[in-house]
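So the chains spell out like this:
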Amino acid sequence: MLAVSSWIGERRATQEKLRPYECGVIPTGTARLRYPVPFYLVAIFFLLFDIEGAFIFSWAISFRELGWQGWLEILFFIAMQMLGLAYIWRKGGLEWGPTRKRT
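About the criteria used
- Residues numbered from 1 in each chain as written.
- Predicted model: local features only at pLDDT ≥ 70, side-chain atom pairs only at ≥ 80, totals over all residues.
- Heavy atoms only, no water.
- Patch = residues over 30% accessible without salt bridge, like charges linked within 9 Å, V, L, I, M, F, W, Y side chains within 5 Å.
- Areas by Shrake-Rupley, 256 points an atom, 1.4 Å probe, with all protein chains shown as cover.
- Salt bridge = Lys/Arg side-chain N within 4 Å of Asp/Glu carboxyl O.
- Helix = DSSP H or I, 4+ residues; strand = E, 2+ residues; numbered from the N terminus.
- Buried < 20%, exposed > 50% of the residue type's maximum accessible area, 1.4 Å probe, protein only.
- Lys, Arg positive; Asp, Glu negative; His and termini not counted.
- Contact = heavy atoms within 4.5 Å.
- Expected span 1.5 Å × (residues − 1).
- Bend = angle between axes of the 7 residues up to and from the residue.

Novice: Quick question: what am I supposed to make of a nonpolar patch on the surface here?
Specialist: Together, Leu33, Tyr35, Phe39 and Tyr40 make up a nonpolar patch on the protein surface, roughly 470 Å² of accessible area in all. One can find Leu33 in the loop between helix H2 (15–18) and helix H3 (37–61). Judged by its relative accessible area of 60%, Leu33 is exposed.

Below, the structure is given as structure tokens:
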């Protein structure tokens with residue numbers, strides 16, 4: 001069947017056949033888009049705080065077995081996360097909108 005269809009089929013490459021198919025939408029412009037830096041910052045912040053949630057959740061499940069040492073370690077972990085958040089906030093990493101000039 002494949003050999004017969006390739007033997008009988010049409011072999012002309014037209015502009016329409018060479019166009020990439022994107023669910024019926026005719027592509028315009030280049031496929032390489034430049035994402036702004038805040039897009040990556042949001043992704044990194046999400047990963048950091050998602051991992052923090054996973055650590056705190058796993059600590060909450062086993063906090064009775066961990067005792068005071070586990071309590072102090074999670075407090076240290078949360079303090080480091082808060083210091084990191086304060087640093088990012090102070091450096092302007094959370095300001096993603098248009099900025100106003102200060103007079």
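This is not the end of the story, as more comes after the structure.
Novice: Help me understand the side chain of Glu52 in this model?
Specialist: Here Glu52 lies in helix H3. We note that Glu52 is buried and unpaired, the nearest opposite charge coming from Arg90 at a distance of 20 Å. The contacts of Glu52, once residues within four sequence positions are left out, are Phe77 and Gln81.

Novice: Before we go on, may I ask you to explain helix H4 (residues 63–91) in this structure?
Specialist: In an α-helix, one full turn covers 3.6 residues, which means residues spaced three or four apart are oriented alike. In this model, H4 (29 residues) spans only 35 Å end to end at C-alpha, well below the 42 Å of a helix rising 1.5 Å per residue. In H4, a bend of some 75 degrees at Gln69 exceeds every other bend along the element. For H4, the elements touching its buried residues are H3. Of the residues one or two after H4, Gly92 is the one with positive phi, at around 90 degrees.

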